[in-house]
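# Chain and residue survey
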Amino acid sequence: MANADKTGGYITDTTYVAEFYGDHAPTHLNLIAAGNGFRPRPLDAGFTWCDYGCGNGVTANVLAGCYPQGRFYGVDFLPAHISAAEVIAVRGGLDNATFLTKGFADLKADDIPPLDFATMHGVLSWIDDPTRDAVLADAAKRLKPGGLLMTGANAMPGWAAKLPMRNMVYSLTKDGANTMTRAETGLAWLQKLKAAEVKYFRDNPALAEAVDDLARLDLRYMAHEYFNLHLRAFYFAELNAMMEANGLQFVGSTFMFLNMVDLAVPQSLQQEFRQAKTRGELEAKRDFIRNETFRRDLWIKGEPFKTQEEWLEVNEDLIFGTLVPLAQIDRQVPFGEIQVSYENGPVADLLEAVAVGAIDVRDMLKVPGFGGLSPWTRVDAARLLVAGGQVHAFANRTTQKKIGRGAKLTMPPINRALIKELGMRAPKVPLAALNAGTGIELPNVDAMLLLAMCDKGWGGDGLSVSAHNGPIPFAARMMAAEGGDVIVGGRALPPKEIEALLAKRLKDLEDNMLDKLVEIGVVGVES
C-alpha cells in the first residue's frame, strides 16, 4: 500500500470494478433537485461535471458521450484507473472528458473549472479524516451557486453489525499481502462461520445474506470495501453536519422513493413523518426505519424555491421515458413492506405512454385519462413511476419507430469503445443512451451482438461460427479474441453451444430490444 498520507489509507494494489451509476446522470440529479424544491442546473448550454474518485471512469465517459455540450472530469490517484478511463475516452472520440491522476489534497485551482455537478461514490467512507475534509472542501469551493453534489456513503445503523465482521476479516488476514488474496481468504473464513451457524450470525441473521452477496459480487468489490485502512459508516446527522460546514444543504435521496413518505415509511408512522419540522429530522428517523447500509444523497450550494408556482413550472418541464420496452417492465414493485401496482388506472396509462416515447409533464395531457388531471397530479404520477426504478428522467423527448429488418445500424464511437474495452471482462456492458442522457447496461453477449449487427448486418444465412460473415461469427470471434471462455451453468460452452446461444440472443435482440435501443440513442439508423 502507498503512503497513507497521500492515499487517505485507500488500497493501491487492486483496481475497482468498472461500473456505471445512473444516479450520477445530470438528468437524474436535476430530477431529484426539482422534486425536492430546488432549481435544477441548465443543460442546454455548456455545463461542468466532476467525479471525485472516478475509478475506471466508466460513468464519466458514458455521460460525456451523452452530452457533447458538457465538460466532464474524473479525479483518482490510482494511475491504473486513470489509464483505463483515458483509453475509453480516446477510443470513444471524446474531446470533453478529462481525467486527472491526483490525490484530492493535491488538486490545483486550475485543474477543474467551477462545477455544476460533483459526485463522490463511496470515497467518503473509504478515506481518512484529512482526505475526507480535503475532497469536500475542494468540491464545495468549486461548485457554482446552485451547484449539486451527489454522495454515496456507508450508512448507520445498517453497518452496525457489519463493521465488527469487516474489522475481524481485516485483522485476521495477513497484513501486507496482496489485497485480493486477503479478500479471498477473508471471504472463505466468513463462509465457514456462516456454515457453522456461529452465534454472531445467529444473533445477526442479515449477515448471512451479506456474506452471500459478497460471494456473488466481483471479489474486487470486497477488496475495496473491506481492506482500506479506514472504513467509516455515517448516520445522516454526521453527513449533514459535514455538508453544512462546507456551505451545502440537503436536497434529498437519489433513490426517488425515499423522498416519498407513502413509500419510504410504514403506514403506522406516516402521519408522524409528515409532521416532521425539518427534512433533517425526517432523515435521522428514517435511518432506523430503513436500516440501510448505503446512503445516496444530494446536496446543493443554494436555496430552495420560494413559491409553489416556481416548483410547478420547473417540474412541468421534466421529461420522462423508459430504457427498456414495456414488456420488460415489472408492474408490481415492492418498497420494503409496501408494494405498488402499475397495472391499472392512470399510472398504468402513463407508463404505457412513456414506454413508446419520452414526454414531458405538459405532454401528458394527451395521454388517455390524464387530460382532466391537474399538473400537480401529473407530476406526482411521473414521480411515482420513477420511484419504481424503471422510468427515468430523460434529456430529450423521443419517439419509438419500428426498425425495418435489414436497416443499416450505426453505433456512436463511445459505445464501440465501451464494448471493445470491457467486452467479456464484465457480465454487463454500460452504453451511452444519447437521446436519454444516461446509460444503459446490456448483457455483454448482447452488447457484442449489437456491435456485430452494426458492422455485419442482421442475422440470417451463414450463421455458423465457422462462417466468416454475419453477426454471430463476428461476435464469436470477438469473444474468442478476449481470451475467455463463455461460461453458462458453471461450464465452458463448446463452439456449437456458443452458436446456439448467440442465435437465441440475436433473435431476442432483433425482436424485442432493437427499436428501444434506437429510440434512446444507443445505436442509430443510417438514412
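That block above? That's the structure.
What counts and how
Residues numbered from 1 in each chain as written. Predicted model: local features only at pLDDT ≥ 70, side-chain atom pairs only at ≥ 80, totals over all residues. Heavy atoms only, no water. Helix = DSSP H or I, 4+ residues; strand = E, 2+ residues; numbered from the N terminus. Rg over C-alpha atoms; globule rule 2.2 N^0.38 Å. Buried < 20%, exposed > 50% of the residue type's maximum accessible area, 1.4 Å probe, protein only. Contact = heavy atoms within 4.5 Å. Areas by Shrake-Rupley, 256 points an atom, 1.4 Å probe, with all protein chains shown as cover. Lys, Arg positive; Asp, Glu negative; His and termini not counted. Charge placed at Lys NZ, Arg CZ, Asp CG, Glu CD. Pairing = 2+ DSSP bridges. Axes fitted to C-alpha atoms, helices over the stretch in contact; angles between N-to-C directions. Expected span 1.5 Å × (residues − 1). Salt bridge = Lys/Arg side-chain N within 4 Å of Asp/Glu carboxyl O. Polar contact = N/O pair within 3.5 Å; in protein donor to acceptor, adjacent residues only side chain to side chain. Phe/Tyr/Trp six-rings, centres within 6.5 Å; stacked < 30°, edge-to-face > 60°. Lys NZ or Arg CZ within 6 Å of the ring centre and 35° of its normal. Disulfide = S-S within 2.5 Å.

### Here's the deal with the overall build of the protein chain
A tally of regular secondary structure across the protein chain gives 22 helices and 18 strands. Taking 24 Å as the expected radius of gyration for a compact globule of 527 residues, we find that the protein chain reaches 24 Å, a close match to that expectation. With respect to the principal axes defined by its C-alpha atoms, the protein chain has extents near 65 × 65 × 50 Å. Here the protein chain holds 527 residues, and 55% of them are scored as buried. Of the contacts made within the protein chain by residues no fewer than 6 positions apart, 76% connect residues no fewer than 24 positions apart. For the protein chain, the accessible surface area stands at approximately 22500 Å², while carbon and sulfur atoms represent 53% of it. Positive and negative side-chain charges in the protein chain, numbering 54 and 64 respectively, have mean positions lying 2 Å apart.

### Some thoughts on the sheet that holds strand E6 (residues 249-253)
Taken together, seven strands build an open sheet; the order of strands is E3-E2-E1-E4-E5-E7-E6 and the sheet is mixed. Bordering the open sheet on either side are strand E3 (97-101) and E6, each of which pairs with just one other strand. Neighbour-to-neighbour, the strand axes of the sheet open up by a mean angle of 20 degrees, direction not taken into account. When strand E2 (residues 71-76) meets E3, the two strands line up parallel, connected through five bridges. Residue pairing for E3: Gly-74 is matched across the bridge by Phe-99. Set on the sheet, helix H3 (residues 58-66) makes contact with strand E1 (48-52), E2 and E3; between it and E3 the angle comes to about 160 degrees.

### Side note on the pairing of strand E14 (residues 428-433)
Across the six residues of E14, five count as buried, placing the element largely inside the fold. Where E14 lies against strand E15 (residues 438-443), six bridges are found, and the strand directions are antiparallel. Note on E15: the bridge partner recorded for Lys-428 is Pro-443. Here E14 folds back onto E15, and the loop between the two strands holds four residues, one of which, Gly-437, carries a positive phi near 85 degrees.

### Comments concerning helix H6 (residues 129-142)
Over its 14 residues, H6 runs 20 Å from end to end, which matches the ideal 20 Å to within 8%, given 1.5 Å per residue. Where H6 is concerned, the buried positions are Thr-131, Arg-132, Val-135, Leu-136, Asp-138, Ala-139, Ala-140 and Arg-142. If you follow the buried residues of H6, they end up packed against E1, strand E4 (115-121), helix H5 (123-126), strand E5 (143-154) and helix H12 (236-245).

### Regarding the environment of Thr-377
Here Thr-377 shows up in helix H18 (residues 375-387). When its relative accessible area of 38% is taken as the criterion, Thr-377 is described as partly exposed.

### Comments concerning the side chain of Asp-76
For Asp-76, the location among the structural elements is in strand E2. It is Arg-220 that comes nearest to the buried, bridge-free Asp-76 among opposite-charge side chains, at 12 Å. Engagement of the side chain of Asp-76 in a polar contact is seen with the backbone nitrogen of Gly-55, the distance being 2.9 Å. Within the structure, Asp-76 has its side chain in polar contact with the backbone nitrogen of Leu-78 (distance 3.0 Å). Leaving out residues up to four positions away in the same chain, Asp-76 has contacts with Gly-53, Cys-54, Gly-55, His-81, Ile-82, Leu-100, Thr-101 and Lys-102.

### Brief notes about H18
An α-helical turn contains 3.6 residues, so any two residues separated by three or four positions project in the same direction. Between its first and last C-alpha, H18 extends 18 Å over 13 residues, near the 18 Å set by a 1.5 Å rise per residue. Packing partners of the buried residues in H18 comprise helix H2 (26-35), helix H13 (261-264), helix H16 (308-316), strand E8 (319-321), strand E9 (332-335) and helix H17 (345-354). Positioned one or two residues after H18, Gly-389 has a phi angle of 85 degrees, which is positive.

### Some thoughts on the pattern of salt bridges
In the structure shown here, the tally under the stated rule is 37 salt bridges. The closest approach of N and O atoms between Arg-279 and Glu-283, which form a salt bridge, is 2.9 Å. Placement of both Arg-279 and Glu-283 in helix H15 (residues 279-290) is noted, with a separation of four residues, approximately one turn of the helix. For Asp-508, the salt bridge identified is with Arg-505, shortest N-O distance 3.6 Å. Placement of the pair is Asp-508 and Arg-505 together in helix H22 (residues 495-520), with a separation of three residues, close to one helical turn. Accessibility expressed as a relative area gives 28% for Asp-508, which makes it partly exposed.

### Here we look at the packing of aromatic side chains
Scanning the entire structure with this criterion turns up 17 aromatic pairs. Their ring planes at 85 degrees and their centres at 5.9 Å tell us that Tyr-200 and Phe-201 sit as a pair that is edge-to-face. For the cation-ring pair, Arg-182 lies above Tyr-170, with the distance from its terminal atom to the ring centre recorded as 4.6 Å.

### Some words on the state of the cysteines
Under the counting rule described, the total for this entry stands at zero disulfides. Cys-454 takes part in no disulfide bond, and the closest cysteine sulfur to it belongs to Cys-66, at a distance of 16 Å.

### Section: the sheet that holds strand E12 (residues 392-394)
Pairing between the strands of a sheet is mediated by backbone hydrogen bonds and can be parallel or antiparallel. Ordered by their spatial adjacency, three strands build an open sheet running E11-E8-E12, and the pairing between neighbours is antiparallel. Looking at the sheet topology across the chains shown, the edges are occupied by strand E11 (359-360) and E12. In this structure, E8 lies alongside E11, joined through two bridges in antiparallel fashion. The residue of E11 that forms the bridge with Ile-319 is Asp-360.

### Section: the side chain of Thr-398
Inspection of the secondary structure puts Thr-398 in the loop between E12 and strand E13 (409-410). Thr-398 gets classed as buried once you look at its relative accessible area, which sits at 9%. Here the side chain of Thr-398 touches Ala-358 through a polar contact of 2.8 Å, landing on its backbone nitrogen. A polar atom in the side chain of Thr-398 sits 2.6 Å from the side chain of Glu-519. Sequence-distant contacts of Thr-398, that is, excluding residues within four places in its chain, are made with Gly-357, Ala-358, Asn-435 and Glu-519.

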